[in-house]
Amino acid sequence: MKLSVNIHKELTGFTLKTSFETMEGSPLGLLGASGSGKSMILRCIAGLETPTNGRIVLNERVLFDSEEKIDIPSRKRKVGFLFQNYALFPHMTIAENIAFALGDLTKKQRSEKVKEYITMMKLQGLEERYPSQLSGGQQQRVAIARALAIEPEVLLLDEPFSALDNHLKGQIEKQLIETLASYKGTSIFVSHNMEEVYRICDNVIILSEGKVEAYGKKGEIFENPPTIKVAQLTGCSNFSRIQPVATGVFEAVDWGCRLKVEKPVPESVTYVGIKPSNIDLRRNVQGDNVFEGSVVGLNEGLQTVTVYLSLKKFDGKSSSHYLQWEVSKEKWARVEKQTTSWFICLDEGKLFFME
Ligand SMILES: Nc1ncnc2c1ncn2[C@@H]1O[C@H](COP(=O)(O)OP(=O)(O)OP(=O)(O)O)[C@@H](O)[C@H]1O
């Protein structure tokens, strides 16, 4: 099972130009800011939008080719689409909603298929209800059943949890992961929530302004974002410009410190970054990349605290750029009591370099 997408879509004020391939297995995550073109990519794959030019091939079946003038209609593409708001038909019962796209089957086959997916998604007893008579979570399960009932070769999930409250989201996410584990096709999961994408997908595409900024294994992309845009979208707020000082020593201009690095850094690199959760404290200033600093602000979240740190520069002044340190509330309560001087460690192993 393989999906290959190479499309260009020109809209007023927005250009989508993207190329990627995905295989069966865990869903491919499509992560990007609002308006970066995530839904547009899915809509082009599903045949709901027509690319200006390009080619989309699903398991050697050409779905779209602008040069060969191929544009398979949406209903014949074998694409299952799970929309943000589920898009269930309000005037149809649950059973009718699931049966809706099963056009070519006999009545008996259709009702068997509906029964199969009602059971799979644990919707027994709700067959004759209307969508408005279901909870958000149940509606979501109906939408998954409807998307899977056509036995799609590719399943497109467009922010499937956006309408759910946090409690329900956890349960439904677990259910979706289980459902996807037994799904044989290719799937693409769209979200602007990096945590969700990280939990659900193994491979990710980071999309920015209609272009692929990065594509690869989630571990590599989240740990070593190749560009600032990718770093921002994967949860990093600490960056600084760097300038070489000597072999293995860089000045982090914005943070106001000199960093020692043993591993060679390519000349093209101009920025260094560190994730807020990767900052550490030391008992004293000894060791590489440990700097004296001070706490200049706090932002308390539900489970973590973001501590704003300013490093003391080598000229003795405080840097005007803050580093954000994210720490559990428990740890912060302990550290805050015990610490009089702040020694902040930017460990080489936790730094990443960007072009
Ligand atoms: N039919 C259309 N005509 C013109 N522009 C459009 C159309 N549909 C979408 N756009 C524009 O294309 C861009 C990408 O939209 P898209 O819905 O794909 O973004 P997205 O990444 O899915 O955003 P979100 O996370 O907010 O859903 C946006 O700038 C949007 O305004």
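It should be emphasised that the depicted structure is a prediction, and the values quoted were computed from it without experimental measurement. Numbering of residues begins from 1 in every chain and follows the order in which that chain's sequence is written. Reporting of local features is limited, given that this is a predicted model, to residues whose pLDDT is at least 70; pairs of side-chain atoms are given and counted only at 80 or more, and all residues count toward the totals for whole chains, interfaces and linings.

**Things to note about the overall build of the protein**
For step 1, the next point in the chain: Summing up its helical and strand segments, the protein has nine helices and 21 strands in all.
For step 2, the next point in the chain: Overall, the protein is about 80 × 50 × 35 Å in size when its C-alpha atoms are taken along their principal axes.
For step 3, the next point in the chain: Partly exposed residues are those whose C-beta has more than 12 but fewer than 20 other C-beta atoms within 10 Å; 20 or more makes a residue buried and 12 or fewer makes it exposed, with C-beta atoms placed from the backbone. Burial analysis of the protein (355 residues in total) assigns 36% to the buried set.
For step 4, the next point in the chain: A residue pair is marked as a contact if its C-beta atoms, positioned from the backbone, fall within 7 Å. Long-range pairs, those at least 24 residues apart, make up 65% of the contacts in the protein between residues at least 6 apart in sequence. Helical segments are the DSSP runs of H or I of at least four residues, strand segments are the runs of E of at least two, and each set is numbered from the N terminus.

**Focus: the site of the ligand**
For step 1, the next point in the chain: Each residue receives a C-beta atom built from its backbone; the residue is near a molecule or strand if that atom lies within 6 Å of it. For the ligand, the full set of nearby residues is L11, T12, F14, G32, S34, G35, S36, G37, K38, S39, M40 and H192.
For step 2, the next point in the chain: The biggest single contributor to the shell around the ligand is helix 1 (residues 38-46), with three residues.
For step 3, the next point in the chain: Note on residue categories: nonpolar means Ala, Val, Leu, Ile, Met, Phe, Trp, Tyr, Cys or Pro, charged means Asp, Glu, Lys or Arg, and polar means any other residue, Gly included. Its residues assigned to classes, the shell around the ligand comprises three nonpolar, eight polar and one charged.

**What to know about the sheet that holds strand 14 (residues 257-260)**
For step 1, the next point in the chain: Within the open sheet, the five strands sit side by side as 14-13-12-15-21. Their pairing is antiparallel. Looking at strand neighbours, the two that pair on one side only are strand 14 and strand 21 (352-354), the edges of this open sheet. Looking at each pair of strands side by side, their axes are set apart by 40° on average, direction ignored.
For step 2, the next point in the chain: Relative to strand 13 (residues 249-252), strand 12 (residues 238-246) runs antiparallel, the two being bridged by four bridges. Directly across from P244, in strand 13, lies its bridge partner F250. For two strands to be treated as a pair, DSSP must find no fewer than two bridges joining them. Fitting a line to C-alpha atoms yields each axis, with helices limited to the stretch in contact; the angle taken between N-to-C directions then spans 0 to 180 degrees.

**Notes on helix 1**
For step 1, the next point in the chain: Of all nine residues making up helix 1, eight are buried, and the element is well covered by its neighbours.
For step 2, the next point in the chain: Within helix 1 the residues assigned to the buried category are K38, S39, M40, I41, L42, C44, I45 and A46.
For step 3, the next point in the chain: Positive backbone phi, at 85°, marks G47, one or two positions downstream of helix 1.

**Some remarks on the UniProt feature "domain: ABC transporter" (unreviewed entry) in the protein**
For step 1, the next point in the chain: UniProt positions are given in the numbering used here, feature names are shortened, and annotations may be inferred rather than shown by experiment. UniProt's feature table lists "domain: ABC transporter" (unreviewed entry) at residues 2-234, given in the numbering used throughout.
For step 2, the next point in the chain: The span residues 2-234 carries 34% helix and 28% strand; its end-to-end C-alpha distance comes to 26 Å.

**Observations concerning the sheet that holds strand 19 (residues 323-328)**
For step 1, the next point in the chain: Spatially, 16-20-17-18-19 is the arrangement adopted by the five strands of the open sheet, whose pairing is antiparallel. Two strands close off the open sheet at either side, each with one partner strand: strand 16 (280-282) and strand 19. Across this sheet, the average inter-strand angle for adjacent strands is 50°, counted without regard to direction.
For step 2, the next point in the chain: Relative to strand 18 (residues 304-311), strand 17 (residues 290-300) is paired through seven bridges, and the arrangement is antiparallel.

**A short note on unusual backbone geometry**
For step 1, the next point in the chain: With a phi angle near 55°, K69 is a residue other than glycine that sits in the positive phi range.
For step 2, the next point in the chain: Along the polypeptide, K69 turns up in the loop between strand 5 (61-65) and strand 6 (70-71).
For step 3, the next point in the chain: For K69, a count of 7 C-beta atoms within 10 Å corresponds to the exposed category.
For step 4, the next point in the chain: A positive phi angle is found at N289, which is not glycine, with a value near 55°.
For step 5, the next point in the chain: Summarising the element assignment, N289 is placed in the loop between strand 16 and strand 17.
For step 6, the next point in the chain: Looking at N289, the number of C-beta atoms within 10 Å reads 20, which means it is buried.

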